[in-house]
Amino acid sequence: MTSFEPKDLPTAKLHSYLLSAVAPRPIAFASTVDANGNPNLSPFSFFNVFSANPPIMIFSPARRVRDNTIKHTLMNAESTKEVVINVVNYDIVQQMSLSSTEYAENVNEFVKAGLTMLKSDIVKPFRVAESPVQFECKVNEIVKLGNEGGAGNLIICEVVKLHINDAVLNESGSIDQEKLDLVSRAGGSYYSRAKAGFFEIPKPLSTLGLGVDALPKEVRNSNILTGNDLGLLGNVEKLPNENAIKAFAKKHDIIALTEDEKHKKAQDLLSYNDVESAWKVLLS
């Protein structure tokens, strides 16, 4: 057995060991607003529920390991003392992943990820309409665990209102785990689907993906492509060039396909994570 003392490991390596070994972890899809009301949305897997009376959840936006900066979510929680914690199910996992891209401070991740802002009843941050369970919370306390890169900041939240989509409830009014279909986080690019086990999602581009809002209107409004499909399509830096599109269309004989047929073919390619070919089909 290989053994280490934490002080002997670089923070990035220790971080990797911790996240890979303590897994899978539930995901807090945290919505906040800044002092001016600008929305922010970001996922965190340092998260769990810790009390029912009072109803307390804690999530932790850690200081970035690479440069010791802090995240907008933490700044907003400190400023407004409010947050909405949305759960993540399989239907929105790709959009959730895209929202974790480090967009600039005033960029709305709801828009970039193609998710719907739903007004909360008590707190100012918006809920994610597509999330099957949403918790409106007041921030009771923020506990800072350190000042160096990798240090956590425990945001202790008290639930003041919760919202549950009827579609995930069973006949007795309890949550049906099969219907809820939650997703959790593991190490590296791995996630776990509650009813189907592990799968991988490529990390969002460090160069910033285009975002769902930048996709052509006919793609965004497709009757066939799902939110997960749009999340994959939005996580590219640029679209294929015209020559590549024409060559692909000629080789695969897709010029005569209807729009719906192209969308179905693109969706099939996306199921194999062939995003580049899917784009060539959609733009042909």
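No experiment lies behind these values; they were computed from the predicted model shown.

> Is there a simple way to explain the sheet that holds strand 2 (residues 28-33) in this structure?
Across a sheet, paired strands are connected by hydrogen bonds in the backbone, their directions being either parallel or antiparallel. Across the sheet, which stays open at both edges, the 7 strands sit in the order 3-2-6-9-10-5-4 with antiparallel pairing between neighbours. Sheet topology places strand 3 (39-44) and strand 4 (47-52) at the edges, where each strand pairs with a single neighbour. In this sheet, neighbouring strand axes are inclined to one another by 30° on average, regardless of whether the strands run parallel or antiparallel. Both strand 4 and strand 5 (residues 55-59) contribute to a ladder of 5 bridges, which runs antiparallel. Residue Asn48 lies in a different strand from strand 5, and its bridge partner there is Ile58.

> How should the side chain of Ser45 be read in this particular structure?
Positionally, Ser45 belongs in the loop between strand 3 and strand 4. Setting aside residues no more than four positions away along its own chain, Ser45 makes contact with Arg25, Pro26 and Arg185.

> What is the right way to read the sheet that holds strand 1 (residues 25-26) from this model?
Read across the open sheet, the 4 strands follow the order 1-11-12-13; overall the sheet is antiparallel. Because the sheet does not close on itself, it has two edges, and the strands there are strand 1 and strand 13 (197-200). The sheet contact formed by strand 1 and strand 11 (residues 183-185) spans 2 bridges and is antiparallel. Opposite Arg25, over in strand 11, you have Arg185 as the bridge partner.

Parameters and conventions
- Each residue is numbered by its place in its chain's sequence as written, counting from 1.
- Owing to the predicted nature of the model, reporting of local features is limited to residues with pLDDT of at least 70; listing and counting of side-chain atom pairs is limited to 80 or more, with chain, interface and lining totals taken over all residues.
- For the side-chain quantities, the full set of heavy atoms in the structure was used; hydrogens and water were omitted.
- Should DSSP find at least two bridges between two strands, the strands are regarded as paired.
- Strands are runs of DSSP state E lasting at least 2 residues, helices are runs of H or I lasting at least 4, and numbering of each runs from the N terminus.
- Axes here refer to lines fitted to C-alpha atoms; in helices the fit is confined to the stretch in contact. Angles between the N-to-C directions go from 0 to 180 degrees.
- Whether two residues touch is decided by their heavy atoms; if any such pair falls within 4.5 Å, the residues are in contact.

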